[in-house]
Each structure stands twice: as structure tokens, then as C-alpha cells.
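Each chain is listed here by its residues.
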Amino acid sequence: MVKVEKMLDALGFIPSVMFFHTSDGTVVGEWGMKVWGRPDTKADQASRQNAHVPRQELRRMLMEKIQPGTIQWGHALVHYQDSKDGLQLKFQKRDGESSEGSVIEKTATVLVGADGIRSAVRRQKIGDEESPLSYLGCIVILGISTSPVSNLTDGETVFQTADGTTRLYAMPFSSVEETATASLGGKNVTTKEEPYESNGGETMWQLSFPMKEEDAIKLSQLGSSALKSEALARCGSWHHPIPTLLKMTPETLISGYPVYDRELLSPDLLRSGTQSELRSDSKKDDTSERDSSVTLIGDAAHPMSPFKGQGANQALLDAVGLARVLYKAFSLPAGKKGKEINVQNSTR
């Protein structure tokens, strides 16, 4: 952990302090390097620290390591066919402003469903009956905003505020306005209410509160304007900079949804799935001895509540485990035949 923190600290990504407030701004808890001091090399000290990376910075770092053109945006999986000869994939590709687009076909050796809690890959491989969605009794509203001038939105600080029912969590999203909000206002953001001055970076906030499932579904379907109004109704009188942060957030960068998770899949089900009838090689003497070339990671495999960053953290661990399995499978010496790829092992 110490080595990881030193690496991230060198990149400027570890928050110096994290605060917990009541709605009037009273600090009821704080932790981080400014509180405990920088850990040395002892493991027991390192375990008290959180390595925190702004998500947009992490995405940028990862994308810089990928060959240009590798990522193809605007493709939605329609169907896949898993056979001994490989995978046949069909995607619906968005054409310009059209949400329909054209259907294109691709081939692949391995398909990794990393497409979220309502994964199209999971739907075909596992189905909707196995491990169905389980409502957790609350809704979350998310927003990305240019950071208002405040010591709590200085690009290094993480904070959360709660009033016993509603909780808001805010964290640095990016250090410069190069992504989400750059085209929506620049440094000085003007809303319908009044102009606000920004620190220059971006902050991502998450608001959560209990709500009946049918009400949470209805609110999320009403769209970003209703979600923003709900956030302001609940937190508009809270301590600075929360009201300003919410008002500064463009409606185009606000989303919300009811919170669900699922029971874990068994290793056998994750490996083989339940939809063998969709395979072209579903004869008993073939598929019974061959592992699937389709697997799931992240929320597609094991969705969990979106708190404490555990969903993102677990997805990263899944990706590392899967990468190790694939590396071993595809880096065998020339002429040496390896075993079938067991991608299931990476998501146990």
C-alpha cells in the first residue's frame, strides 16, 4: 500500500484531508495526511490511508496506454454467437445524431462484458432470472460541476455531509476543465440564478437518500431537471459550497437512478452461463468440455451499492485478474499448445 500511495502522491492524486460534516457545516470527523501525517514504511500505518484518484484522471492515464483507435465509441451489443470457431458479434452503431444507427458484425476471440449493471452480455449469457436485481431502498443523484471557490473543492479534499436522512459525497473529478464541463461554461459559470467563480477544476458529487422503489423509478425517469430540483430542495440550505456546487452543475451532467445489487454468481454459472441454446456448437460432446469465451467483470458480474468506491475498486481488481489470465493464454512460446482459456478464473 505504501508503494502505491507514493506513486499516486507523486502524480498529485492523494487527498490531503477528508471531512465529514453535519448539514450546517459542523465538522464531526476528519482524516487523511494532514490529520495523521504521512505514513512511513510500516504496514499498520499505511493501512490507515486512502489512495484516492480523480476518476477522469485515471481514465486519461489508462487511455494514454492504449493504441489509438482501439476504443470504438457508440456501439451497443445486440447479440453474440459463441462457437468453437470463435465469437460472432453484432453491434448497433450510432450514426451521427441517430440513436438507431446501423448493425455491424465483428469477430473476436474473447468477449468481456464490462457493460454495467444492466449488461447486454450478461442478459444473453446468464439471463434475467438468475440472481435478479435487488432494490436497496435508496436513490442516488450524480453530478459533475466546475468546482466553486472553497477549501472543500480545492482538488485535494474529499468531503461528505449528512443530515440523518440525506447524504452528499463530493470528490475531485479532474484537475483541469478539459473534459465534462469545458464546453459548458469555462472558468466563470453562469446559471439562471447568478454567476459563480470556479477554482478551475471539476468536482463530482453523489447524493443519496431513501425512497420507495416506484418513486425512485419515477423520479429518475423525469430527467435531469427534476433530479436537480430534488437535490436543491434537499440540500439548498446546507453549508457552503454545497448549494453553489449544485446550482453550478449543468443539467446535462446530472443523472440519477434507483440503487440495486445482485447475489453473487456461482463459478460454474459464470463460466458456462445458462443460455447454451444460443450457441451454434451446443452439442453435448463439444460444449461440455469447452469453457466459454465470454465472461463478465465489474457491475456486469457483481453489482453493489455505489458507496465507498467499492464497485469501481472491484472492477479494477477484476480487470487485473483477467489481464493476467489472458496474458498467460496468449504469450505461450511459439509452437507450444496451451490449455483452453478459462476466463472465469479471473472473476472468482
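Model, not experiment: these values are computed from the prediction.

Undergrad: Looking at this model, I keep getting lost on the nonpolar core. Mind explaining?
TA: Most often, soluble globular proteins keep nonpolar side chains buried together rather than apart. Ranked by size, the top nonpolar core spans 22 residues in total, and within it Leu-168, Trp-205 and Leu-207 carry the most contacts. Mapped onto this core, the elements with two or more residues apiece are strand E1 (17-22), strand E7 (134-148), strand E9 (167-174), strand E11 (195-210), helix H6 (213-222), helix H7 (224-235) and helix H8 (242-248). Once you skip the residues sitting within four places of it in the chain, Leu-207 turns out to touch Ile-139, Val-140, Ile-141, Thr-166, Arg-167, Leu-168, Ala-231 and Cys-235. Counting residues in hydrophobic clusters, the runner-up holds 15 residues, among them Tyr-80, Leu-265, Leu-269 and Ala-301.

Undergrad: Looking at this model, I keep getting lost on the pairing of strand E2 (residues 27-31). Mind explaining?
TA: Looking along a regular strand, one sees side chains alternate from face to face of the sheet. One ladder, built from four bridges, connects E1 with E2; its direction is antiparallel. When the sheet's bridge partners are listed, Met-18 is paired in E2 with Trp-31. Hairpin connection, E1 to E2: the antiparallel pair is bridged by four residues, and Gly-25 has positive phi, about 100°.

Undergrad: Sorry if this is basic, but what is going on with the side chain of Lys-125 here?
TA: Here Lys-125 lies in helix H5 (residues 120-125). Comment: no salt bridge for buried Lys-125; closest opposite-charge side chain is Asp-82, at 6.1 Å. In terms of polar contacts, Lys-125 uses its side chain to reach the backbone carbonyl oxygen of Arg-271, at 3.0 Å.

Undergrad: Explain the environment of Thr-165 to me, please; I cannot follow it from the model alone.
TA: By the secondary structure assignment, Thr-165 is in the loop between strand E8 (157-162) and E9. Once residues lying within four places of it in the same chain are set aside, the contact partners of Thr-165 are Ser-208, Phe-209 and Pro-210.

Undergrad: Sorry, what's going on with the side chain of Thr-166 here?
TA: Structurally, the position occupied by Thr-166 is in the loop between E8 and E9. Within polar-contact distance, the side chain of Thr-166 engages the side chain of Arg-234 at 2.9 Å. Residues within four places of Thr-166 in sequence aside, it is in contact with Thr-161, Leu-207, Ser-208, Phe-209, Arg-234, Cys-235 and Trp-238.

Rules and cut-offs
- Residues numbered from 1 in each chain as written.
- Predicted model: local features only at pLDDT ≥ 70, side-chain atom pairs only at ≥ 80, totals over all residues.
- Heavy atoms only, no water.
- Core = buried A, V, L, I, M, F, W, Y, C linked by side-chain atoms within 4.5 Å.
- Buried < 20%, exposed > 50% of the residue type's maximum accessible area, 1.4 Å probe, protein only.
- Helix = DSSP H or I, 4+ residues; strand = E, 2+ residues; numbered from the N terminus.
- Contact = heavy atoms within 4.5 Å.
- Pairing = 2+ DSSP bridges.
- Lys, Arg positive; Asp, Glu negative; His and termini not counted.
- Salt bridge = Lys/Arg side-chain N within 4 Å of Asp/Glu carboxyl O.
- Polar contact = N/O pair within 3.5 Å; in protein donor to acceptor, adjacent residues only side chain to side chain.

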